[in-house]
Amino acid sequence: MRHGPWLFLVMVSGTTPVLADLQHLDDEALADVRGQGGFTLETELQLGLDRLSYLDDGQAIQLEGLHLGSSEQDDRGAYHQVRVNIDHGAALNLDYLVTDRRIEFGDVRLAGAPGVGMGGVFFDHSLQGSFRLRAGGVTGGAGYSFDSAYTMTGGRLGYRTNGNEVFLDDVWMDVEALGMTLDLVGTALRLEAPHVRGQWRVGAIRYSDNPLNHGRSRDLGSGDWLPSYGGLEGDYELSTITLIQAGGRRGEGVRLDHEARLNTASFIYLDDGHPLAFKDISGDFRVNDLRLDVDVDGQGRPALALTATGVDGALSIGALALGDQGQSLGAVNFRFLFQDHIFAGRQYRNAVYLQGGGHPDAGPQGLRLATEWSLPSADLSYTDDGHRVVFSGLQSWGQGDITVNVTRSGERNGTRFYDGLRIGFEGVKAGYRINGLRVGDENAPLQGGTELLLALGVYPAYEFELDGQVTLGPGGASGEGIRLNSDLRVGNGRAALIVAPYDEGAGEVPQKGLWIADLEYEGHVREMTLDVTDEGLALVQGEAWSTLDVGNLRLGDKDSGASFGRFVLERYEQGSVMTVVPGGAGDVCIGGQGSSGASCETSGGRWEARGEQGITVRLKQLLVPAAADGRRNALTWEAHRARDSQGNAVNGSGMRLVLDDIHTSDGGDLDGAGAESNDYGIRTELGVDVYQTRVVKKQNGPDSLGVQGNRGDEKIMDPSAPQGYRYVSNPSVEQAANRPLGFAVQARTRFKELSVRSVDLIHPTGGRQTAVYGVRLQNVDLRANLTATPMP
């Protein structure tokens, strides 16, 4: 290269300029430098590094195979054009254009863990934007102020392990950040962004198992579009303050403290054009004393350690909308505090140790997250047509390994893998619990009623040990969507069906209730699809089978309460469907008949118009006959078990009652296939609203909280009353408007035929005897309309 004068070569990456190494420019390059009130630099940039290392207390994390160049042609550089100008206010102005750039590293490795890596990341994009830098920070002086604005097009952001990758495709982004400041405050670098605004769109989230594709939207072999999970889009407006200091948790490292206020945002998931939308989002978040170290985890494994003293915040979603009509399910609010806390006599903290490798049978690349968390305080609320219920006092804790790999279908070393993003669980020991319900707002009196969550398949308290995996693959029942395959095992579980609060205001106490204890669970799902349709959210099971083995159904204490015995529930389904749509329990006539308010009241009933929001769940459960490999639907109750030397009940040693081979059918061979058809199944439609209802006192005298009233009096909420409510014999219209909130449920269950092949009795010495040969229930149609209110 012929030598010319030295110039700074400016690389534009994201919103800020980065100075690369000083480069000699030849005559041809100098011909592209033009100066008219500044200068313009045009260049084709290509950069390659074998390894880039960061050292922390003698330990290293290494980026390998670092590359910067064209995303379309490996032997070409990315085009950069930068116009540099200094205006009359002594501000540096950069206008830049970047075309067809890929920034990539092939792997991330820890020096103390040879042979395994965290996987690679690539980022393709074109950028056009501006950057303005001037002296003086937020307090003037030696700081800096800057403005940045850019538009990104043609973006791809991917994660790659062992030749398989998941990437965001066709990414567009428009960002404006004005009035940012950079100051040195004490020993901390303070970065403030008072106004950041942006819009973004992801055309598709794609999956590839062909190593040659590497960020291509179409498969190089077939020419077909790569399968898609769907697309995303959204917007945001926020402000942030970040403090960066030197010093890790132990010795060298980095400390971050961060505050963010999300003024407004939206987030939309699109499946073949059908939206699942989170609208009117706002919140605030704080990260206190986050440290980054190259360290070892509790088992001595090399890792990139992220540990935080505390994380707290609040998130509000004004409307959760489903389907093409944009109808809202309601609003959701979440407040949380992560910090060190003692659960069950052990202190938990918040830490993630990033390691390479993932699942060992998936290949040498992947992520392993040795994780520990402590959530001592959180509230989750749901608002439906202005009526609010708060699930108060949510706590969670746990520790274990989570692995992340991008995998392709096949079996390796005895482990079955599926196409997609695989999330694995290894030795996770965790738990959560909810203290109770508060109706109206967070300051309302604490009430029972968390067992209402059982309708959603959520226990109000649960402790467990978890192993297994969930793989999220691309493609739904048709077109875009998500395909799920999972294998999960839960051991040493204790879950509450009905439970009292753990803290009624005088400190934490052992919870009493009805518990399924000594719980063992194994569940498998194959080819379940998740799609957003024009109507709502549809989950279709390909095949699912599971065994829930409850060693003791206990009353009182979860460890020592009286036991009803052992229960085992086996399930086997094929083609079952769950659909979630907006709209709840609807308008209902209570205590009378009529399809309108006038006709209902004429018949002596009470008309309840429950609003437009709410949730309706439609289920079609296809219970199939027992398979040759033992998969079946069955219910077993075992009692009077023998005890071992430690006094523990021995499973299989007692008397058992078995309802065997439970399955559905259509009552005949309706499709001419030579066997009973099974297309109808058990169909259930469940509509749920949060709604005010009439609650009547059952007897004279004080209730459990000491509030006086007579039989037949109505419960009326009153914040000025000692317990937040009182009893009224004849409520006025104004008082009736303050009736307690509850869950209004309208349900209907139907099936054509439900069969039980046999009802068997099994004696530990006498063996198996069939008590009933075959039971069939036909043409059942059950309807229910009720309102469940939390009770003091």
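Residues numbered from 1 in each chain as written. Predicted model: local features only at pLDDT ≥ 70, side-chain atom pairs only at ≥ 80, totals over all residues. Heavy atoms only, no water.

A. The arrangement of the overall build of the chain in detail. Counting its secondary structure elements, the chain contains 3 helices and 50 strands. For the chain, the spread of C-alpha atoms along the principal axes amounts to about 95 × 65 × 60 Å. Taking all 792 residues of the chain together, 47% fall into the buried category. Looking at the chain alone, contacts between residues at least 24 apart form 64% of all its contacts between residues at least 6 apart. Here the chain displays about 37500 Å² of accessible surface, and carbon together with sulfur accounts for 54% of that area. (Helix = DSSP H or I, 4+ residues; strand = E, 2+ residues; numbered from the N terminus. Buried < 20%, exposed > 50% of the residue type's maximum accessible area, 1.4 Å probe, protein only. Contact = heavy atoms within 4.5 Å. Areas by Shrake-Rupley, 256 points an atom, 1.4 Å probe, with all protein chains shown as cover.)

B. A look at the state of the cysteines. Counted by the stated rule, this structure contains 1 disulfide. In this model, cysteine 589 is linked to cysteine 600 through a disulfide, with the two sulfur atoms separated by 2.1 Å. Its S-S torsion of approximately 85 degrees makes the covalent link between cysteine 589 and cysteine 600 right-handed. With cysteine 589 in strand β41 (residues 588–590) and cysteine 600 in helix α2 (residues 597–602), this pair connects stretches of sequence that are 11 residues apart. (Disulfide = S-S within 2.5 Å.)

C. Spotlight on the pattern of salt bridges. In the structure shown here, the tally under the stated rule is 56 salt bridges. Aspartate 289 is the salt-bridge partner of arginine 255, the closest N and O atoms lying 3.4 Å from each other. Here arginine 255 is found in strand β17 (residues 254–271), whereas its partner aspartate 289 is found in strand β18 (residues 274–296), with 34 residues between them in sequence. The closest approach of N and O atoms between arginine 301 and aspartate 401, which form a salt bridge, is 2.9 Å. Note that arginine 301 is positioned in the loop between β18 and β19 (302–322) and aspartate 401 in strand β28 (residues 395–407), a separation of 100 residues in sequence. Under the relative-accessibility criterion, arginine 301 is labelled partly exposed at 22%. (Salt bridge = Lys/Arg side-chain N within 4 Å of Asp/Glu carboxyl O.)

D. Quick peek at the packing of aromatic side chains. Summed over all chains, the structure comprises 14 aromatic pairs. Aromatic pair tyrosine 459 and tyrosine 462: ring centres 5.1 Å apart, planes at 70 degrees, arrangement edge-to-face. Across this residue pair, the class does not change: tyrosine 459 and tyrosine 462 are buried. Through a chain of ring-to-ring contacts, three or more aromatic side chains come together here, namely Phe285, Phe334, Phe336 and Phe338. Here arginine 631 stacks its cationic end above the ring of tryptophan 545, 3.6 Å away from the centre of that ring. Looking at lysine 697, its charged tip hangs above the ring of tyrosine 727, at a distance of 5.5 Å from the centre. (Phe/Tyr/Trp six-rings, centres within 6.5 Å; stacked < 30°, edge-to-face > 60°. Lys NZ or Arg CZ within 6 Å of the ring centre and 35° of its normal.)

E. Broad picture of the pairing of strand β24 (residues 350–356). β24 sits mainly inside the fold: 5 of its 7 residues count as buried. Relative to strand β25 (residues 367–375), β24 is paired through 6 bridges, and the arrangement is antiparallel. Of the residues in β25, the one forming a bridge with tyrosine 353 is alanine 370. (Pairing = 2+ DSSP bridges.)

F. Fine view of the nonpolar core. Membership of the largest hydrophobic core comes to 49 residues, with the highest contact counts inside it found for Ile61, Met118 and Leu322. Looking at this core, the element that brings in the most residues is strand β15 (residues 188–208), giving 6 residues. In terms of nonpolar packing, the next biggest core, distinct from the first, is built from 18 residues, Ile434, Leu453, Met717 and Leu741 among them. (Core = buried A, V, L, I, M, F, W, Y, C linked by side-chain atoms within 4.5 Å.)

G. Representation of unusual backbone geometry within the structure. Phi at histidine 214 is positive, roughly 40 degrees, even though this residue is not glycine. Note on placement: histidine 214 falls in the loop between β15 and β16 (231–246).

H. Examining the environment of valine 707 more closely. Mapped onto the secondary structure, valine 707 falls in the loop between β46 (682–692) and β47 (714–717). For valine 707, a relative accessible area of 12% gives the class buried. Apart from residues no more than four positions distant in its own chain, valine 707 is found in contact with Lys697, Gly701, Pro702, Gln723, Tyr725, Arg726 and Tyr727.

I. The arrangement of the confidence of the model for the chain in detail. Here the chain averages 90 in pLDDT, while 95% of its residues score no lower than 70. Here residues 1–22 is a poorly scored stretch, pLDDT under 50, and it has 59 contacts once near neighbours within four places are set aside; other chains count. (pLDDT = per-residue confidence, 0-100.)

J. Up close: the environment of methionine 717. For methionine 717, the position within the fold is in strand β47. Residue classification places methionine 717 among the buried residues on the basis of a relative accessible area of 17%.

K. Inspection of the environment of arginine 349 at higher detail. One can find arginine 349 in the loop between β23 (346–348) and β24. Distance from arginine 349 to arginine 286, taken between C-alpha atoms, is 17 Å for residues 63 residues apart in sequence. Those residues in contact with arginine 349 that sit more than four places away from it in its chain are Thr307, Asp340, Glu372, Trp373 and Ser374.

L. Fine view of a nonpolar patch on the surface. Among the surface-exposed residues, Leu47, Leu49 and Leu52 lie close enough to one another that they form a single nonpolar patch of about 230 Å² accessible area. Looking at where leucine 49 falls in the secondary structure, it is placed in strand β7 (residues 47–56). (Patch = residues over 30% accessible without salt bridge, like charges linked within 9 Å, V, L, I, M, F, W, Y side chains within 5 Å.)

M. Here's a closer look at the pairing of β15. Pairing geometry for strand β14 (residues 164–185) and β15, over 18 bridges, is antiparallel. Along β15, the bridge assignment pairs glutamate 165 with serine 208. Here β14 folds back onto β15 in antiparallel fashion, the turn holding 2 residues, of which glycine 186 has a positive phi close to 65 degrees.

N. Geometry of the side chain of serine 758. In this structure, serine 758 sits in strand β49 (residues 741–763). In this view, serine 758 contacts Val658, Leu659, Asp660, Thr770, Val772 and Gly774; residues no more than four positions away in its chain are not counted.

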